[in-house]
Amino acid sequence: MQNASKVAAVVVTYNRLEKLKKVLASLEAQTRLPEQLVIVNNAATDGTDIFLNEYASTFKYADSIQLDIVTLETNEGGAGGFSAGMRRAYELGCDFAWIFDDDGYPEPDALDKLVDGYDAAVAELGPDVPFACSMVKFIDGTISEMNNPIPTWDWGRLKAKGLDIVLVNRCSFVSVLIPRWVMEAFGLPYKEYFIWFDDAEYTLRITKTCPGVQVLDSVVLHDMGVNKGVNFGMIDEKNVWKFLYGARNEASYHLHHEGLYQYLRFCAMVRNTMRRGGVDRKLQKQVYGKLLEARTFNPKIDYPQTPAVASI
């Protein structure tokens, strides 16, 4: 990355105002400030709009950071928020979108090291490196259980050369640096996924030619309440709505991008996991309905070069 490159920090927020304030404070404390800050308000109802109006009117870094606030008419989930935010970064002419949620607090040198790590990876692997992500930790300093990237078979290739970087095929949207050319060539995340598997699908999509990288000394703390992974055996009345998106989205991905065998394999895994977890039969039935819905659910790629839809 050249020094003249323009980085947009893209933050998606919904009804977590106090956490959003911590994210913004973390961004303002960066040793390398982003040139652009895009905040996507996902139609929050907790006073976020009032806070953001005041934040914009008193923005202390107006001389060095261009601030842009995108307010969506409805809550489009994390997927819709990231799609809208990356599109906006692209429209503003940014060379990179650095994306994260409103409960991810980057350490002061997170962007600095992420940029350096991306440059080092490009120097070794060539210009096709599609993303660089950070090490994600829980707020107590332990590794975040639900944000571990999936490494490649040769994940240690750059590590063997003395770089604190590993090769990965997939990561979550907690501190990921995405170049402009990737958005042009591969499009934006599926906003239709709403809240589940959008990050996995997108990073798998953009690593077809070259793996992405995880920069291990770029650290972001994920303030997600409880530090544990998720599986379909954990479904209950309160969280089933999320798993319904998960079942539909991931089943759709396997069927339409990997074929019938992988779809059936995923369905079997979901069934077995729910049974082992003792998930209520009524809830299991809802999940099976979403697995079937996946047969006709197949969103199309949205490219930033095309006009945005009316809701965005």
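Predicted model only: the values in this text are computed from it and were never measured.

## Quick look at the UniProt feature "domain: Glycosyltransferase 2-like" (unreviewed entry) in the protein
No. 1: Taking the UniProt record as the reference, the feature "domain: Glycosyltransferase 2-like" (unreviewed entry) is found at residues 10-120.
No. 2: From the first C-alpha to the last, residues 10-120 spans 23 Å; its make-up is 43% helix and 23% strand.

## Here's the deal with the nonpolar core
Soluble globular proteins tend to pack their nonpolar side chains together in the buried interior.
No. 1: Leu24, Leu27, Leu37, Trp98, Leu177 and Val213 are the most contacted members of the largest nonpolar core, which has 34 residues in total.
No. 2: Counting residues per element, the ones that place at least two in this core are strand S1 (7-13), helix H1 (17-28), strand S2 (36-41), helix H2 (48-57), strand S4 (96-101), helix H4 (110-125), strand S8 (165-170) and strand S10 (212-222).
No. 3: It is H4 that contributes the most residues to this core, 6 residues altogether.
No. 4: Residue contacts for Leu24: discarding those within four places in its chain leaves Leu37, Ile39, Phe51 and Tyr55.
No. 5: Grouped together as the second largest cluster of nonpolar side chains are 29 residues, Met86, Tyr90, Ala97 and Ile99 included.

## Let's talk about the packing of aromatic side chains
No. 1: This model, assessed by the stated rule, comprises 17 aromatic pairs.
No. 2: Centroid distance Tyr190 to Tyr193: 5.2 Å. Interplanar angle 50°. Geometry classified as tilted.
No. 3: Given the relative accessible area of 3%, Tyr190 is considered buried.
No. 4: Both rings, one in Phe194 and one in Tyr245, keep their centres 4.9 Å apart while their planes meet at 20°; by these two values the pair is stacked. Taken together, the positions of Phe194 in the loop between helix H5 (180-186) and helix H6 (198-205) and Tyr245 in helix H7 (residues 240-258) put the pair 51 residues apart, joining distant regions of the chain.
No. 5: Judged by its relative accessible area of 25%, Tyr245 falls in the partly exposed class.

## As for the packing of H1 against H2
No. 1: Two numbers describe how H1 lies on H2: the axes approach to 10 Å, and their chain directions differ by 25°. With respect to each other, H1 and H2 are oriented roughly parallel. Note on packing geometry: the crossing formed by H1 with H2 is right-handed. From H1, Leu17, Leu20, Lys21, Leu24 and Glu28 reach across to H2, where they touch Thr48, Phe51, Leu52 and Tyr55.
No. 2: Considering only residue class, the contact of H1 with H2 consists of 6 nonpolar, 1 polar and 2 charged.

## With respect to the domain arrangement of the protein
Many authors give the size of an interface as the accessible area that is lost as the parts come together.
No. 1: If you check the domain split of the protein, you get domain 1 (7-222) and domain 2 (239-294).
No. 2: A C-alpha centroid distance of 28 Å is found between domain 1 and domain 2.
No. 3: The interface of domain 1 with domain 2 comprises 10 residues on the first partner and 10 residues on the second.
No. 4: Counting the surface lost from both domain 1 and domain 2, the interface buries some 960 Å², and carbon and sulfur atoms represent 67% of this.
No. 5: For domain 1, the biggest contributors to the area lost against domain 2 are Tyr193, Trp196 and Phe197; these three give 56% of the whole.
No. 6: On the surface where domain 1 and domain 2 come into contact, there are 0 salt bridges.
No. 7: At the junction of domain 1 with domain 2, the criterion picks out 3 residue pairs in polar contact (both at pLDDT 80 or more).
No. 8: Each residue belonging to the side of domain 1 that touches domain 2 can be placed in one class, and the counts come to 7 nonpolar, no polar and 3 charged.

## Quick word on H4
No. 1: Its 16 residues give H4 an end-to-end C-alpha distance of 22 Å, which sits within 8% of 22 Å, the value for a rise of 1.5 Å per residue.
No. 2: Every buried residue belonging to H4 is among Ala110, Leu111, Leu114, Val115, Gly117, Tyr118 and Ala121, and all of these are buried. The arc that holds every buried residue of H4, seen down its axis, measures 165°, which confines them to one face.
No. 3: Phi turns positive, to about 100°, at Gly126, one or two residues after H4.

## Some words on the environment of Phe59
No. 1: As for its placement among the helices and strands, Phe59 is situated in the loop between H2 and strand S3 (66-71).
No. 2: The contacts of Phe59, once residues within four sequence positions are left out, are Glu28, Ile65 and Leu67.

## Quick word on the environment of Tyr90
No. 1: You can see Tyr90 is positioned in helix H3 (residues 77-91).
No. 2: By relative accessible area, Tyr90 is classed as buried at 11%.
No. 3: Once you skip the residues sitting within four places of it in the chain, Tyr90 turns out to touch Arg180, Met183, Glu184, Pro304 and Gln305.

What counts, and where the lines are drawn
Residues numbered from 1 in each chain as written. Predicted model: local features only at pLDDT ≥ 70, side-chain atom pairs only at ≥ 80, totals over all residues. Heavy atoms only, no water. UniProt positions renumbered as here; feature names shortened; annotations may be inferred. Helix = DSSP H or I, 4+ residues; strand = E, 2+ residues; numbered from the N terminus. Core = buried A, V, L, I, M, F, W, Y, C linked by side-chain atoms within 4.5 Å. Buried < 20%, exposed > 50% of the residue type's maximum accessible area, 1.4 Å probe, protein only. Contact = heavy atoms within 4.5 Å. Phe/Tyr/Trp six-rings, centres within 6.5 Å; stacked < 30°, edge-to-face > 60°. Axes fitted to C-alpha atoms, helices over the stretch in contact; angles between N-to-C directions. Parallel < 35°, antiparallel > 145°, perpendicular 65-115°, else oblique. Left-handed = near helix turned anticlockwise from the far one by under 90°. Nonpolar A, V, L, I, M, F, W, Y, C, P; charged D, E, K, R; others polar. Domains from an automatic or database assignment. Buried area = accessible area lost by both parts, 1.4 Å probe. Salt bridge = Lys/Arg side-chain N within 4 Å of Asp/Glu carboxyl O. Polar contact = N/O pair within 3.5 Å; in protein donor to acceptor, adjacent residues only side chain to side chain. Expected span 1.5 Å × (residues − 1). Arc of directions from axis to C-beta.

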